[in-house]
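# Observations on chain architecture
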Amino acid sequence: MLWPSIALLSFVTLQRLAELAYARRNTAALLARGARECAGEHYPFMVAMHAAWLVGLWLLATGRPVDPVWFLLFMVLQGLRLWVLATLKERWTTRIIILPGAPLVTNGPYRFLNHPNYVIVVAEIAVLPLCFGMPLYAAIFSLLNGIILTIRIRAENACLRQTAA
């Protein structure tokens, strides 16, 4: 059946586009309040990797059956993603934006992890291809994502340490 794969890929594509618009709005508002972007050099690579992941899924997964167990896990991840967005509200962005004087968020999923959004993204990068029975694709993009997230998390932590000092 063609429609389940198209429906799932459409959902993820629309979700990511909406999040980019939300992030852009939040970034502009934060910058207007005196925030600054930190360590943005890796950002184009991160965007390119995520775009390649999604475009590749459209090319290779369309028409494949959707595994219900992996699909259910992916939907659980979407609930967790919404929890992060609801917790951060106007501070959620896809860039590293530091607002001087603003305390770190310590409620919601941030009570349990320093970077819950990244944990969710790591899982999504693997789980969505697994929904379509594509373990090699999941492994390749998980490796690429791991490299980018290692750079990003180090940069974000360094920026946060500088702000706290």
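Here, every reference points to the structure presented above.
Given the structure is predicted, the values throughout are model-derived calculations rather than measurements. (Residues numbered from 1 in each chain as written. Predicted model: local features only at pLDDT ≥ 70, side-chain atom pairs only at ≥ 80, totals over all residues. Heavy atoms only, no water.)

## Details of helix H4 (residues 116-131)
In this model, H4 (16 residues) spans 22 Å end to end at C-alpha, consistent with the 22 Å of a helix rising 1.5 Å per residue. Helix geometry: H4 is bent most strongly at Glu124, by close to 25 degrees. With 13 of 16 residues buried, H4 is to be regarded as a mostly interior element. Looking one or two places after H4, you find Gly133, whose phi comes out positive at around 70 degrees. (Helix = DSSP H or I, 4+ residues; strand = E, 2+ residues; numbered from the N terminus. Expected span 1.5 Å × (residues − 1). Bend = angle between axes of the 7 residues up to and from the residue. Buried < 20%, exposed > 50% of the residue type's maximum accessible area, 1.4 Å probe, protein only.)

## Concerning the state of the cysteines
In protein structure, a disulfide is the covalent linkage between the sulfur atoms of two cysteines. Tallying each qualifying case throughout the model produces one disulfide. For Cys38, the disulfide goes to Cys159, at an S-S distance of 1.6 Å. Between Cys38 and Cys159, the disulfide has an S-S torsion of -70 degrees and is therefore left-handed. Remark: Cys159 occurs in helix H5 (residues 135-164) and Cys38 occurs in the loop between strand S1 (36-37) and helix H2 (43-61); sequence separation between them is 121 residues. Each member of the pair, Cys38 together with Cys159, is buried. (Disulfide = S-S within 2.5 Å.)

## Here we look at the packing of helix H1 (residues 3-32) against H2
In contact at an axis separation of 10 Å, H1 and H2 are set at 160 degrees when each is read in the N-to-C sense. Classed by the angle they form, the pair H1 and H2 counts as roughly antiparallel. Seen along the crossing, H1 lies across H2 with a hand that is left-handed. Taken together, the residues of H2 that come into contact with H1 (itself represented by Ser5, Ile6, Leu9, Ser10, Val12, Thr13, Arg16 and Leu20) are Tyr43, Trp53, Leu54, Leu57, Trp58 and Ala61. Classifying every residue of the contact of H1 with H2 by side-chain character gives 10 nonpolar, three polar and one charged. (Axes fitted to C-alpha atoms, helices over the stretch in contact; angles between N-to-C directions. Parallel < 35°, antiparallel > 145°, perpendicular 65-115°, else oblique. Left-handed = near helix turned anticlockwise from the far one by under 90°. Contact = heavy atoms within 4.5 Å. Nonpolar A, V, L, I, M, F, W, Y, C, P; charged D, E, K, R; others polar.)

## Considerations on the packing of aromatic side chains
Under the criterion given, the structure shown has three aromatic pairs. With centroids separated by 6.4 Å and ring planes inclined at 50 degrees, the aromatic side chains of Trp83 and Phe112 adopt a geometry described as tilted. Here Trp83, found in helix H3 (residues 68-88), pairs with Phe112, found in the loop between strand S2 (97-98) and H4; they are 29 residues apart in sequence, far enough to count as distant. Residue Phe112 is classed as exposed on the basis of its relative accessible area of 58%. (Phe/Tyr/Trp six-rings, centres within 6.5 Å; stacked < 30°, edge-to-face > 60°.)

## Considering the environment of Glu41
Relative to the assigned elements, Glu41 resides in the loop between S1 and H2. The exposure class assigned to Glu41 is exposed, which follows from its relative accessible area of 63%. With 44 residues separating them along the chain, Glu41 and Leu85 place their C-alpha atoms 24 Å apart.

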